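Chain and residue survey
What follows is the residue order along each chain.
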Amino acid sequence: MIAIEAKLEVQPAKRQEFLEATKTLIEGSRLEAGNISYDLFQSIEDENVFMMIEKWEDQAAIETHNTSAHFGQFVAFAQTALAKPLDVQSFNA
């Protein structure tokens, strides 16, 4: 299993749009073959900081996810909504 943690700091003015976009991303991702879980968490200290935690069966499932339409749409949106560059880390579990 592979776990991915992505820290996202959102521009305050884009926060609501971000939440709507992540809902679509999460729903689509959870339906993908090889997805174990896909969840969004909000920081307790800063309402504009989020952590996306994903768990996948293997690298092939991640590669398929990275080419999905819902992921591509989210990445395009995130480029306009994030206040800082995306911070992503992957872990073998």
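Residues numbered from 1 in each chain as written. Predicted model: local features only at pLDDT ≥ 70, side-chain atom pairs only at ≥ 80, totals over all residues. Heavy atoms only, no water.

With an unreviewed UniProt entry as reference, the protein is termed Antibiotic biosynthesis monooxygenase, source organism Exiguobacterium sibiricum.

**Considerations on the sheet that holds strand β1 (residues 2-9)**
In space, the four strands of this open sheet follow the order β2-β3-β1-β4, with antiparallel pairing throughout. At either end of the open sheet lies a strand with only one pairing partner, and these are β2 (35-42) and β4 (87-92). Looking at each pair of strands side by side, their axes are set apart by 15° on average, direction ignored. Bridging between β1 and strand β3 (residues 49-56) involves eight bridges; their strand directions are antiparallel. Pairing of Ala-6 across the sheet is with Met-52, part of β3. Lying over the sheet, helix α2 (residues 59-66) contacts β1, β2 and β3, oriented at roughly 130° with respect to β3. (Pairing = 2+ DSSP bridges. Helix = DSSP H or I, 4+ residues; strand = E, 2+ residues; numbered from the N terminus. Axes fitted to C-alpha atoms, helices over the stretch in contact; angles between N-to-C directions. Contact = heavy atoms within 4.5 Å.)

**What about α2?**
Listed in full, the buried residues belonging to α2 are Ala-61, Ile-62 and His-65. Buried residues in α2, looked at end-on, bunch into an arc of 100°, giving them a common side. On its buried face, α2 is in contact with β1, α1 (15-30), β2, β3 and α3 (69-81). The distance from a side-chain oxygen at the start of α2 to the backbone nitrogen of Ala-60 is 3.3 Å, and the residue carrying that oxygen is Asp-58. (Buried < 20%, exposed > 50% of the residue type's maximum accessible area, 1.4 Å probe, protein only. Arc of directions from axis to C-beta. Polar contact = N/O pair within 3.5 Å; in protein donor to acceptor, adjacent residues only side chain to side chain.)

**A few points about the nonpolar core**
Counting residues in hydrophobic clusters, the biggest one holds 21 residues, and the most contacted among them are Leu-8, Phe-18, Leu-25, Tyr-38, Met-52, Trp-56 and Phe-74. At the level of elements, β1, α1, β3, α2 and α3 are the ones that each hand at least two residues to this core. A total of five residues in this core trace back to one element, the largest contributor, which is α3. Those residues in contact with Phe-18 that lie beyond four places of it in its chain are Leu-8, Val-10, Leu-40, Phe-50, Phe-74 and Phe-77. (Core = buried A, V, L, I, M, F, W, Y, C linked by side-chain atoms within 4.5 Å.)

**Let's talk about the packing of aromatic side chains**
A full pass over the atoms with the stated rule returns three aromatic pairs. Ring plane angle 55° and centroid distance 6.0 Å describe the contact between Phe-18 and Phe-74, whose orientation is recorded as tilted. Within this pair, whereas Phe-18 is found in helix α1, its partner Phe-74 is found in helix α3, the two being separated by 56 residues in sequence. Here Phe-18 and Phe-74 have matching classes, each one buried. Residues Tyr-38 and Trp-56 carry aromatic rings whose centres are separated by 6.1 Å and whose planes lie at 85° to one another, so their mutual orientation is edge-to-face. Pair noted here: Tyr-38 is in strand β2 and Trp-56 is in strand β3, with a separation of 18 residues, a long-range link. In terms of burial, Tyr-38 and Trp-56 fall into one category: buried. Site record: aromatic cluster; members linked through ring pairs are Phe-18, Phe-50 and Phe-74. (Phe/Tyr/Trp six-rings, centres within 6.5 Å; stacked < 30°, edge-to-face > 60°.)

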